[in-house]
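Listed here are the chains, written in short residue letters.
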Amino acid sequence: MIDEIKAVVADIDMTLTAKGGELPKATIEAFRVLHEHDVLLGLGTGREISDKLRTQGRDWGLGFEFDFVVGMNGGMVLDRFHKDMWQVELLTIQEMKDILNYMMPLIDKYHISVNAEGGGNHNAMYIQGELLASSRRHGFDFVDKTGDVDGFCEKRAFKMLFRTEPEYEQEIRETFLAKFGDNFQIIGTFPGTVEVMHKGIDKGSGVKRFADGVGIDMKNIIAFGDNENDNTMLVDCGWGVCLKDGSDGTKACADAITDYDCQEGGVGHYLIDYYLKPKGWM
C-alpha cells in the first residue's frame with residue numbers, strides 16, 4: 001500500500017457501483033474522509049464526460065464533485081482545478097465506415113449490437129440486450145441504423161462498441177485486429193462487450209495527463225478497477241486494486257484485490273481498512 005495517497009481514481013461500472021446503481025455507504029464514508037484530508041478524488045470511466053458525470057459526486061450524495069474525470073477510456077480528461085478539458089481526436093467518418101464495412105458479415109451473422117459513442121453520435125445497429133439497457137440507464141434512445149453504414153457514420157465519434165454473447169467475443173477481436181491492429185485497439189469492458197479506439201489511448205495515460213497537470217507523482221495515486229479497460233490505470237498508478245468480482249486478467253495485474261465486491265462497497269471498505277484506519281483518520 002502507498003504510504004501517502006495524494007489521489008484516488010476509480011472506474012464506475014462494476015467497480016464503484018453496479019451498473020446504474022448508487023454509491024455504497026462505505027465508499028461515501030471513505031471518500032468524504034479523503035476529501036476532508038485534501039486527497040484528490042477522480043473517476044476513470046469508459047463513458048463520455050457528460051453533464052451528468054460532471055455532477056456525479058453530488059448526485060451520489062457526497063456533497064462535493066470529483067476533482068477530475070478521465071473519460072472515454074483516457075480519450076477525455078476533465079481537470080476542475082484548471083477548469084480545463086482535453087480530448088483526443090475523434091474517429092474519422094472514413095475510419096468508421098472502413099471498420100463497419102469490414103465487420104458487417106460478422107455483425108449480421110450474430111446480430112451483434114454496435115453503437116458509436118461520443119461526439120453526439122447515438123447511432124446503433126441491432127438495438128437489443130445490454131445496448132438497450134444502457135440507453136435506458138443513461139436516459140437517451142439510440143437511433144436505429146441497422147444495415148445502414150453511411151447513416152451510422154453520419155457523425156464522427158470517440159469509439160465504437162460491439163456487444164454480443166461472450167462466446168463470440170474472441171472471434172470479434174481476432175477478425176478486427178487482423179485488419180486494423182496496426183492503428184486501432186480493442187478493449188474489453190464487460191463479458192461480450194468490446195470497444196474500438198485508436199491505439200495509444202487508455203485510462204493510465206489519461207490519469208497521467210491529469211497528474212502531470214497538477215504536479216502529482218503517479219506513485220502517490222491509488223486506482224481501482226474491475227476489467228480490461230482498467231488495467232493500464234492499475235499498472236501505471238502507484239497502487240492498483242481490482243474488485244473481488246473483477247476479471248481474472250485485471251486481478252493478475254493488480255497489486256491487491258478487495259475483500260468485498262462492488263455492491264458491498266469494495267472500494268470504500270478497502271480504503272477504510274488499509275489506509276484510513278491505519279492513518280488514524282477514522
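Structure shown above.
Residues numbered from 1 in each chain as written. Predicted model: local features only at pLDDT ≥ 70, side-chain atom pairs only at ≥ 80, totals over all residues. Heavy atoms only, no water.

Judged by nonpolar contacts, the single largest core of 46 residues is most densely connected at V8, F31, L34, I222, F224 and L271. At the level of secondary structure, the elements contributing two or more residues to this core comprise β1 (7-10), α1 (25-36), β2 (40-44), β4 (76-79), β12 (221-225), β13 (239-242) and α11 (266-276). Filtering out sequence-adjacent residues up to four positions away, V8 remains in contact with F31, L34, V39, L40, L41, G42, F68, I222, F224 and L271. In terms of nonpolar packing, the next biggest core, distinct from the first, is built from 27 residues, M104, L106, Y126 and F176 among them. (Core = buried A, V, L, I, M, F, W, Y, C linked by side-chain atoms within 4.5 Å. Buried < 20%, exposed > 50% of the residue type's maximum accessible area, 1.4 Å probe, protein only. Helix = DSSP H or I, 4+ residues; strand = E, 2+ residues; numbered from the N terminus. Contact = heavy atoms within 4.5 Å.)

Okay, the pattern of salt bridges next. Across all of its chains, the model carries 11 salt bridges by this definition. Note that R47 and D13 form a salt bridge whose closest N and O atoms lie 2.7 Å from each other. In this pair, R47 sits in the loop between β2 and α2 (51-54) while D13 sits in the loop between β1 and α1, placing the two residues 34 residues apart along the sequence. There is no split in this pair, since R47 and D13 are both buried. Residue R58 is joined to E65 by a salt bridge in which the shortest nitrogen-to-oxygen separation is 3.5 Å. Owing to a relative accessible area of 52%, R58 belongs among the exposed residues under this scheme. (Salt bridge = Lys/Arg side-chain N within 4 Å of Asp/Glu carboxyl O.)

Time to look at the pairing of strand β9 (residues 159-163). For β9, the buried fraction is high: 5 of the 5 residues fall into the buried class. Here β9 shows two buried faces, one formed by K159, L161 and R163 and the other by M160 and F162. Pairing analysis gives 5 bridges linking strand β6 (residues 113-117) to β9, with the strands arranged antiparallel. Each residue of the ladder has a partner; that of N115, found in β9, is L161. Relative to strand β11 (residues 193-198), β9 runs antiparallel, the two sharing 4 bridges. The residue bridging L161 from the neighbouring strand is E195, located in β11. (Pairing = 2+ DSSP bridges.)

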